[in-house]
Amino acid sequence: MSNVRPDTMVRITTPELAEQFIAEQVKEVQAQVGDKKVLLALSGGVDSSVVAALLIKAIGKQLVCVHVNHGLMRKGESEEVIEVFRNQLDANLVYIDATDRFLSLLENVAEPEKKRKIIGGEFIKVFDEEARKLEGISFLAQGTIYPDILESDGVKAHHNVGGLPEDMQFELVEPVKLLYKDEVRVVGKALGLPSSMVDRQPFPGPGLGVRCLGAITRDRLHALREADAILREEFDKNGLATKVWQYFIAVPDMKSVGVKDDKRYEGWPAIIRAVNTKDAMTATIEEIPYEVLHHITDRITHEVDGINRVLLDLTPKPIGTIEWE
Ligand code: XMP
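Quick caveat, the model's predicted, so the values are computed rather than measured. (Residues numbered from 1 in each chain as written. Predicted model: local features only at pLDDT ≥ 70, side-chain atom pairs only at ≥ 80, totals over all residues. Heavy atoms only, no water.)

Peer 1: Can you help me understand the overall build of the protein in this one?
Peer 2: In terms of helices and strands, the protein carries 10 helices and 10 strands. By the compact-globule yardstick of 20 Å for 325 residues, the protein fits well, its C-alpha radius of gyration being 21 Å. Dimensions of the protein along its principal axes, counting C-alpha atoms only, are 70 × 40 × 35 Å. Here the protein holds 325 residues, and 52% of them are scored as buried. Of the contacts made within the protein by residues no fewer than 6 positions apart, 76% connect residues no fewer than 24 positions apart. For the protein, the accessible surface area stands at approximately 15700 Å², while carbon and sulfur atoms represent 52% of it. Placing the 40 positive and 52 negative side-chain charges of the protein at their respective mean positions leaves the two points 2 Å apart. (Helix = DSSP H or I, 4+ residues; strand = E, 2+ residues; numbered from the N terminus. Rg over C-alpha atoms; globule rule 2.2 N^0.38 Å. Buried < 20%, exposed > 50% of the residue type's maximum accessible area, 1.4 Å probe, protein only. Contact = heavy atoms within 4.5 Å. Areas by Shrake-Rupley, 256 points an atom, 1.4 Å probe, with all protein chains shown as cover. Lys, Arg positive; Asp, Glu negative; His and termini not counted. Charge placed at Lys NZ, Arg CZ, Asp CG, Glu CD.)

In structure tokens:
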């Protein structure tokens, strides 16, 4: 498959077109791979999940999925990867809980770029270690999509496996590389993946690491994850999940004084970020009804240990980036 989308290629917008694409790709992948084994870093994001489902259909157990939990996932996400791929799709899935490795390396590291480097570097190390334990892998599958090719050198940076050592280079299998994001979602649905996976918001490779600001501690990371889960639940319930492109909580490394049970209570603030955008280059602020904001504030401050205030970020991009880092 070339890296250029032909002008004649129809935009996949319906289940029928998705089925047709899936049938073609199944044949193509089977022809490329034969009876060899394929390795895939399955992050649980939309693109790698759709590639996994497609390859399971094409080559079943010849696909080995490796899911590395770096301890910086949103609440329930690694569990969902295991449930969907191991339990429902009967995939060959290697699950590695590397939380302790990542969090101990990140201890006392406050500088954003350093944190990113540590997370990216350790991801490659863990993935590489697992890949070496497996015998007879000939191919590496990647969830590269068309915008990745248009915007970069074609290697999906946040998949991180682009940085594997020289002796771990494989032939690539990239079945969705000519698709746009909306098409990947349509294909994912046709493959039977749940909406919670296919309609997922973009999530940075370093995960909650860019939202737990400053040096990450386990207690503040835990508070962030719980507050973020409440935000997502309330956005779902109030019909905002389909209106807002990306929404999450960031928790800075600072405390303020509050009162709880008539006692002084020092806690962190939870910052709500909810933006709309087409391409993530610029972003606008979506209006959230005050009623919903009050309810979210009430839940987070009462249900999440360590948080005593909820703030709303009203800054468009530019000037503010989407993530706080
Ligand atoms: P910023 O913060 O630069 O983010 O306005 C723009 C979009 O990119 C996402 N983002 C990432 N996505 N790997 C990714 O795949 C990353 O390392 C990364 N960092 C930021 C961010 O969530 C937003 O949607």
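Having seen it, we continue.
Peer 1: Please explain the side chain of Thr-99 as it appears in this structure.
Peer 2: As for its placement among the helices and strands, Thr-99 is situated in helix H4 (residues 99–106). Beyond its immediate stretch of four places on either side in the chain, Thr-99 contacts Asn-69, His-70, Gly-71 and Arg-218.

Peer 1: Explanation requested: the site of the ligand in the structure shown.
Peer 2: Residues in contact with the ligand amount to 12 residues; listed here are only the nearest, Arg-116, Gln-246, Lys-317, Ile-322 and Glu-323. Lys-317 is positioned with one of its side-chain polar atoms (N or O) 2.6 Å from an oxygen atom of the ligand. Ile-322 places a main-chain nitrogen or oxygen 2.7 Å from an oxygen atom of the ligand. Coverage of the ligand by the protein chains reaches 77% of its 500 Å² of free accessible surface. Split into classes, the residues belonging to the shell around the ligand amount to five nonpolar, four polar and three charged. (Near = heavy atom within 4 Å. Polar contact = N/O pair within 3.5 Å; in protein donor to acceptor, adjacent residues only side chain to side chain. Nonpolar A, V, L, I, M, F, W, Y, C, P; charged D, E, K, R; others polar.)

Peer 1: Looking at this structure, how should I read the packing of aromatic side chains?
Peer 2: We describe a pair of aromatic rings using the distance from one ring centre to the other and the angle between the two ring planes. Applying the stated criterion to the full structure yields three aromatic pairs. With a centroid separation of 6.4 Å and 5° between ring planes, the pair formed by Phe-123 and Phe-127 is classed as stacked. Taken together, the residues Phe-123 and Phe-127, both in helix H5 (residues 112–133) and four residues apart, mark about one turn of the helix. The exposure class of Phe-127 is buried, given its relative accessible area of 0%. Judged by centre distance (5.6 Å) and plane angle (90°), the ring pair of Tyr-146 and Tyr-180 falls under edge-to-face. Taken together, the residues span a long stretch of sequence, with Tyr-146 in helix H6 (residues 146–151) and Tyr-180 in the loop between strand S5 (171–173) and helix H7 (181–190) at a distance of 34 residues. Above the face of the Phe-248 ring, Arg-211 is positioned so that its terminal group lies 3.8 Å from the ring centre. Here the guanidinium or amino end of Lys-255 rests over the ring plane of Trp-268, the centre of that ring lying 4.9 Å away. (Phe/Tyr/Trp six-rings, centres within 6.5 Å; stacked < 30°, edge-to-face > 60°. Lys NZ or Arg CZ within 6 Å of the ring centre and 35° of its normal.)

Peer 1: Before we go on, may I ask you to explain the environment of Ala-31 in this structure?
Peer 2: Structurally, the position occupied by Ala-31 is in helix H1 (residues 15–33). Once the C-alpha coordinates of Ala-31 and Val-81 are considered, the two residues, 50 residues apart in sequence, prove to be 28 Å apart.

Peer 1: Is there a simple way to explain the packing of H1 against helix H2 (residues 46–59) in this structure?
Peer 2: Pairs of packed helices are described in terms of their axes, by the angle between the two and the distance that separates them. At a closest axis distance of 9 Å, the pairing of H1 and H2 adopts a crossing angle of 65°. As for the relative orientation of H1 and H2, their crossing is right-handed in sense. Judged by residue contacts, Phe-21, Ile-22, Gln-25, Val-26, Val-29, Gln-30 and Val-33 of H1 engage Leu-54, Leu-55, Lys-57, Ala-58 and Ile-59 from H2. Split into classes, the residues belonging to the contact of H1 with H2 amount to nine nonpolar, two polar and one charged. (Axes fitted to C-alpha atoms, helices over the stretch in contact; angles between N-to-C directions. Left-handed = near helix turned anticlockwise from the far one by under 90°.)

Peer 1: Whenever I open this one, H7 confuses me. Can you help?
Peer 2: Note that an α-helix has 3.6 residues per turn; residues three or four places apart therefore point the same way. Three or more residues of H7 are buried, namely Glu-183, Val-184, Val-187 and Gly-188. The buried side chains of H7 occupy one side of the element, clustering within an arc of 140° when seen end-on. Of the residues flanking the end of H7, it is Gly-192, one or two places downstream, whose phi is positive at about 90°. (Arc of directions from axis to C-beta.)

Peer 1: Is there a simple way to explain the packing of H1 against H7 in this structure?
Peer 2: Where H1 contacts H7, the two axes come as close as 9 Å, and the packing angle between them is 85°. Here H1 is positioned roughly perpendicular relative to H7, judged by the angle of their axes. On H7, the residues touching Pro-15, Ala-18, Glu-19, Phe-21 and Ile-22 of H1 are Val-186, Val-187 and Ala-190. Taken together, the residues that form the contact of H1 with H7 break down as seven nonpolar, no polar and one charged. (Parallel < 35°, antiparallel > 145°, perpendicular 65-115°, else oblique.)

Peer 1: So what exactly am I meant to see when it comes to the pattern of salt bridges here?
Peer 2: Side chains carrying opposite charge are able to pair once their charged atoms draw close together. Under the criterion given, the structure shown has 26 salt bridges. Two residues, Glu-122 and Arg-101, come together in a salt bridge whose shortest N-O distance is 2.8 Å. Here the residue Glu-122 occupies a position in helix H5, and Arg-101 occupies one in helix H4, the gap between them amounting to 21 residues. Put simply, Glu-303 and Arg-299 hold a salt bridge, and the shortest N to O gap is 2.8 Å. Taken together, the residues span about one helical turn, with Glu-303 and Arg-299 both in helix H10 (residues 290–303) at a distance of four residues. (Salt bridge = Lys/Arg side-chain N within 4 Å of Asp/Glu carboxyl O.)

Peer 1: Any chance you could explain the pairing of strand S2 (residues 63–69) here in plain terms?
Peer 2: Within a regular strand, the side chains alternate between the two sheet faces. Most of S2 is tucked away, with seven of its seven residues classed as buried. By the alternation rule, side chains of S2 split into Leu-63, Cys-65, His-67 and Asn-69 and Val-64, Val-66 and Val-68, which are all buried. Strand direction decides the pairing type here: strand S1 (residues 37–41) and S2, joined by four bridges, are parallel. Bridge pairing in S2 links Leu-40 to Cys-65. Of the crossover connections in this fold, the one passing from S2 over helix H3 (residues 77–88) to the parallel strand S3 (residues 92–97) is right-handed. (Pairing = 2+ DSSP bridges. Right-handed = clockwise from strand over helix to strand, strands pointing away.)

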